[in-house]
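# A closer look at the structure
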Amino acid sequence: MRHASRSPFILSPVARAVLGLAFSAALGLACAGPVQAQVSAETAEVPSPATLKSTPMLAEEVSSAPENTGPTFVFGDRLSGRPDLETVIEGNAELRRGATSLRADRIEYYQPDDLLKSRGNVRINRAGNRFEGPELEIQLDRFEGFFTTPSYRFLKNGGNGQAERVDFIDDKHLTAQRVSYTTCERGNEATWEPAWVLRAKSIKFDLDKDVGIATGAVVRFKNVPILAFPVVSFPLSDKRKSGLLPPTLNLSSVDGFSVRQPYYFDIAPNRDATFSPAIMSKRGIDLAGEFRYLEPGYKGQLRASVMPSDQLRDRDRWSYALQHAGVINSGLPAVGNLGLALNLNRVSDNDYWRDFPIASGSVTPRLLPQDATLSWGRGFFTTTARTLKWQTLQDVNSPIIPPYDRLPQLTAAYTRVDAPLAGLDLLGGGFDWSVAGDYTRFSADQNLTRQPNGSRAFTRAQLSRPWLWPAGFITPKVQLHATSYQLDAPLASGSMMGATSASRVVPTFSLDSGLQFERDASLLGRELTQTLEPRAFYVRTPYRDQSGLPNYDSGANSFNFATVFTENAFVGNDRISDANLLTLGLTSRLLDPATGAEAVRVGVAQRLRFEDQKVTLPGGLPVTDRISDLLAGASVNWVPQWSFDSTVQYNPKTRQSERASVGVRYNPSNYRVISAAFRRQRAISDSKQIDVGWQWPINDLWGDKGRDLGAGQGQGGGRYYSVGRLNYSVLDKKLVDAVIGIEYDGCCWIGRVVLQRSQNSITTSNTRILFQLEMVGFSRVGASPLEILKTNVPRYQNLRDTISAPSRFTTYD
């Protein structure tokens, strides 16, 4: 028999039913002579070949249609067989059908049983998942059979290994015996060993759910056994699944040596939970957990922790935090849905914030809110009912005055924008007007406060008429503030001493105006658009004596660009500042004319006061300066890699800055960022602080500019990364807070060591070291080292962010 030419035979669905007959004809041609491209007209009439058109639309998902309905492509050096019985392909044998590609030295196909046997250098690719070995037997349509001593590699996560035998149940389920599993890619060295590997008696792979279940499993890292499981499940992709997360090791000055082992529960696509027990050598057992839910009409998160018999304080410790937001159906068609928001936080004792520095996500860990808000809106009208109660964690060395609870707070508002005003039809539309009301019951521990509990009713009406043009704007506005108080006890000081009720009515007029000029400009060889934007803001509020009124929620506004153009010098509703002042500002920007991106921005602002400001906070002094401090700021984003931002509050009398902030950031590429900031404030006690944060490959220091592997990109040599943030007090000459870490990306594993120092008080701090090992594709990080880095380091990037799965055509051969 002569060798047939290596041409494909295309078998249509009908031709596959007579596979033996087709191959017999081919064999007959082979015996008569080399296979030709022509067939005699007496034998068959061959239609002209279809015209192929190029297209980028390759189907990523495998068709759900049975594969035996599609064509089969066969290649080989020699073909033989019997009609309707068997077909044998020898020498560079290859068979393709649908998403399955098979290569071997010899392929035997038995039609009655749909059984395919392959021998010698067998390689099968099913939708990107590859298996290689010496011998394969499989029922092709059902994809049921076995493979002896194969090596394998999965497409989605790069998981690979060897097995003594693999049994295929179907195209989505298989079982491997005496098997190894890793995500480390094999190197070129003859003595290569994976950095980590799981060896098991058997592993059941479920490619539909992307889960592997190993029996009798041992995990070895650098050839050292570190974990053993009778049964363990692990992910084969980025899909969520129940199972153990990697443990977190922690060495702390407060906790001692601790180990936390999280377990993740994938309850439903929209609900999950994590149980995280920990053992602390100095304190005992801590039981922590988290539950998250996401429904069509609401979402939330519940965190809780219990430590029975904490050896540090010799008592039980606990905490919980609930955040919930959503809507509820009132059941009344005229009312509709109500909005519900909950933010509930509570801990067992006053020392909790100091002993569990990471447990609280609050910006002020000594003030924990229990806040519940019910809201409703219809058209231009909105209303809310709120209760807010604070838990104040007191320290005998640094006591704080607790804020007032609001039990309850009722608000209502009616707002119109760009609307006509009843009774002023001649003026046309374009008015912005609103009426808002607020009733609040304030209460607090009278042993810690200096004024009686009471109720406050507040109403504010305002009307403005903006005139807007491309080159500028002018907006006059009038406001009327009316407030009344009912107190539980007589006022002890001020002009209303002895009174149990009080009221106040304050009108305000303001006029805001600005212009905008533009011109073409060129700077450093770059074409830009330059703007010049002057602004003038006048406000007039007559003086009303408020020295005797209680102060439940008012405080002084910070002097910055966000507040300098506002009517009231205070935040809150207990103090309305008298004012007769003009604020002047000037801003200039350099814009990219193509994109509108801001390259440079500089601005200045200053207040001119025509009368003293007499209204003050309790214990404050009237403001008598006719010219305020000068506020100046600048930001530069000339190139994407660099950014600069600064703000200075300059006192012209003392010729010193009262407050200054300067920051710069360099971010040339992914995983490379350095930021630094200097902050200074002159107040009752001066403050000077330097803040530095960074994430940078250490390999760059010795000239290794190799490609970063972040986000799971590729494999190659490992890289070290330094990451951290330092907050240094210049006046105290010491670190206030510090986070310093080293990360090593070993391609298929990541190691992290993080040192954290947190200042608890003036004299005490908590220091701890965290260690973590992440085996990429097997265990996923969900514990504290990453959270610490994300929270503290500006623009920190996780070395293994979630990416899209690779295409099945990347391994299609």
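Residues numbered from 1 in each chain as written. Predicted model: local features only at pLDDT ≥ 70, side-chain atom pairs only at ≥ 80, totals over all residues. Heavy atoms only, no water.

To continue, consider the overall build of the chain. Within the chain one finds four helices and 46 strands. For the chain, the proportion of its 813 residues judged to be buried stands at 40%. Taking contacts inside the chain between residues at least 6 apart in sequence as the whole, the part at least 24 apart equals 50%. In the form shown here, the chain has an accessible surface area of approximately 42700 Å², with 58% of it arising from carbon and sulfur atoms. (Helix = DSSP H or I, 4+ residues; strand = E, 2+ residues; numbered from the N terminus. Buried < 20%, exposed > 50% of the residue type's maximum accessible area, 1.4 Å probe, protein only. Contact = heavy atoms within 4.5 Å. Areas by Shrake-Rupley, 256 points an atom, 1.4 Å probe, with all protein chains shown as cover.)

Within the structure shown, the criterion is met by one disulfide. Across the disulfide from cysteine 184 sits cysteine 748; the S-S distance is 1.8 Å. Taking the sign of the S-S torsion, about 65° here, the bridge from cysteine 184 to cysteine 748 comes out right-handed. Residue cysteine 184 is located in the loop between strand S11 (173-181) and strand S12 (196-206), and its partner cysteine 748 is located in the loop between strand S44 (734-745) and strand S45 (749-759); the two are separated by 564 residues in the primary sequence. Here cysteine 184 and cysteine 748 have matching classes, each one buried. The thiol of cysteine 747 is unpaired, and the distance to the nearest cysteine sulfur, on cysteine 748, comes to 6.7 Å. When its relative accessible area of 6% is taken as the criterion, cysteine 747 is described as buried. (Disulfide = S-S within 2.5 Å.)

For the rest of this paragraph, the subject is the environment of valine 224. Examined against the element boundaries, valine 224 turns out to sit in strand S14 (residues 224-235). Residue valine 224 is classed as partly exposed on the basis of its relative accessible area, which comes to 45%. Separated by 29 residues in the primary sequence, valine 224 and alanine 195 have C-alpha atoms spaced 9.9 Å apart.

Turning next to the packing of aromatic side chains. Within the structure shown, the criterion is met by 29 aromatic pairs. Ring geometry for phenylalanine 537 against phenylalanine 565: centres 6.4 Å apart, planes inclined by 80°, an arrangement best described as edge-to-face. A residue pair is termed long-range when its members are at least 10 positions apart, and phenylalanine 537 in strand S33 (residues 526-541) and phenylalanine 565 in the loop between strand S34 (555-556) and strand S35 (570-571) qualify at 28 residues. Cluster of aromatic residues (ring-pair linked, three or more members): Phe131, Phe143, Tyr152, Phe154, Phe168, Tyr181, Trp196, Phe205 and Phe234. Its end group placed over the ring of phenylalanine 146, arginine 165 keeps NZ or CZ at 4.3 Å from the ring centre. The ring centre of phenylalanine 565 lies 4.1 Å from the NZ or CZ of arginine 535, which sits over that ring. (Phe/Tyr/Trp six-rings, centres within 6.5 Å; stacked < 30°, edge-to-face > 60°. Lys NZ or Arg CZ within 6 Å of the ring centre and 35° of its normal.)

On to a nonpolar patch on the surface, then. Side chains of Phe265, Ile267, Phe275, Ile279, Ile285, Leu287, Leu302, Val306, Trp318 and Tyr320 sit close together on the surface and give an oily, nonpolar patch of about 870 Å² of accessible area. Of all the secondary-structure elements, those providing two or more residues to the nonpolar patch are strand S18 (263-268), strand S19 (271-280), strand S20 (284-294), strand S21 (298-310) and strand S22 (315-329). Residue placement: valine 306 occurs in strand S21. With relative accessibility at 42%, the residue valine 306 sits in the partly exposed group. (Patch = residues over 30% accessible without salt bridge, like charges linked within 9 Å, V, L, I, M, F, W, Y side chains within 5 Å. Salt bridge = Lys/Arg side-chain N within 4 Å of Asp/Glu carboxyl O.)

Let's shift gears to the pattern of salt bridges. Taken as a whole and judged by the stated rule, the model has 46 salt bridges. With its nearest N and O atoms 2.6 Å apart, the salt bridge here joins arginine 142 to glutamate 144. Looking at arginine 142, the relative accessible area reads 52%, which means it is exposed. Looking at glutamate 144, the relative accessible area reads 31%, which means it is partly exposed. Between arginine 672 and aspartate 700 there is a salt bridge, with its nearest N and O atoms 2.9 Å apart. Residue arginine 672 is located in strand S41 (residues 672-681), and its partner aspartate 700 is located in the loop between strand S42 (687-697) and strand S43 (719-729); the two are separated by 28 residues in the primary sequence. Judged on exposure class, the residue arginine 672 and its partner aspartate 700 are both buried. Overlapping salt bridges bring together Asp255, Arg283, Asp310, Arg313, Arg317, Asp349, Asp351, Arg354, Asp355 and Asp395 as one network.

Inspection of the secondary structure assignment puts glutamate 94 in strand S4 (residues 86-97). Within the structure, the side chain of glutamate 94 is placed 2.8 Å from the side chain of arginine 96, a separation counted as a polar contact. (Polar contact = N/O pair within 3.5 Å; in protein donor to acceptor, adjacent residues only side chain to side chain.)

Residues Phe168, Tyr181, Trp196, Leu198, Ile203 and Phe205 are the most contacted members of the largest nonpolar core, which totals 48 residues. Looking at this core element by element, the count peaks at five residues for S12. Excluding residues within four positions of it along the chain, isoleucine 203 makes contact with Leu174, Thr175, Ala176, Val179, Tyr181, Leu198, Ile213, Ala214 and Phe234. (Core = buried A, V, L, I, M, F, W, Y, C linked by side-chain atoms within 4.5 Å.)

The next subject is the confidence of the model for the chain. Mean pLDDT over the chain works out to 84, with 85% of the residues at or above the 70 mark. Mean pLDDT values over the elements of the chain span from 34, in helix H2 (residues 19-32), up to 97, in strand S36 (residues 579-591). Predicted confidence for residues 1-46 stays below pLDDT 50, and this span has 60 contacts to residues more than four positions away or in other chains. The low-confidence segment residues 711-716 (pLDDT under 50) makes 19 contacts with residues lying over four places distant or belonging to another chain. (pLDDT = per-residue confidence, 0-100.)

Let us look at the environment of arginine 283. As for its placement among the helices and strands, arginine 283 is situated in the loop between S19 and S20. A relative accessible area of 1% places arginine 283 in the buried class. Linking arginine 283 and serine 258, residues 25 residues apart in sequence, is a C-alpha distance of 9.2 Å. Residues contacting arginine 283, with those up to four places away along its chain left out, are Val254, Asp255, Met307, Ser309, Asp310, Gln311, Leu312, Arg317, Asp355 and Phe356. At 2.7 Å, the side chain of arginine 283 forms a polar contact with the side chain of aspartate 255. Side-chain polar atoms of arginine 283 contact the side chain of aspartate 310, separated by 2.8 Å.

Bringing unusual backbone geometry into the picture now. Of note, the bond from leucine 407 into proline 408 is cis; its omega dihedral lies within 30 degrees of zero at 0°. With respect to the element layout, proline 408 can be found in strand S26 (residues 405-419). One non-glycine residue with positive phi stands out, namely serine 309, at about 50°. Locating serine 309 in the fold gives a position in strand S21. Notably, arginine 795 is not glycine yet its phi reads approximately 60°, a positive angle. Checked against the element boundaries, arginine 795 lands in the segment after helix H4 (784-792).

What follows concerns the pairing of S42. In terms of strand pairing, S41 meets S42 through nine bridges, oriented antiparallel. Paired with alanine 677 across the bridge in S42 is aspartate 691. Looking at chain direction, S42 and S43 are connected through nine bridges and run antiparallel. Each bridged residue has a counterpart across the sheet, and for valine 692 the counterpart in S43 is leucine 726. (Pairing = 2+ DSSP bridges.)

As for its placement among the helices and strands, aspartate 114 is situated in the loop between strand S5 (100-110) and strand S6 (115-126). In this structure aspartate 114 is buried but unpaired, with arginine 97 as the nearest side chain of opposite charge at 4.4 Å. A distance of 2.6 Å separates polar atoms of two side chains, one belonging to aspartate 114 and the other to tyrosine 109. Contact partners of aspartate 114, with chain neighbours within four places excluded, come to Arg97, Tyr109, Ile138, Gln139, Leu140, Asp141 and Arg142. (Lys, Arg positive; Asp, Glu negative; His and termini not counted.)

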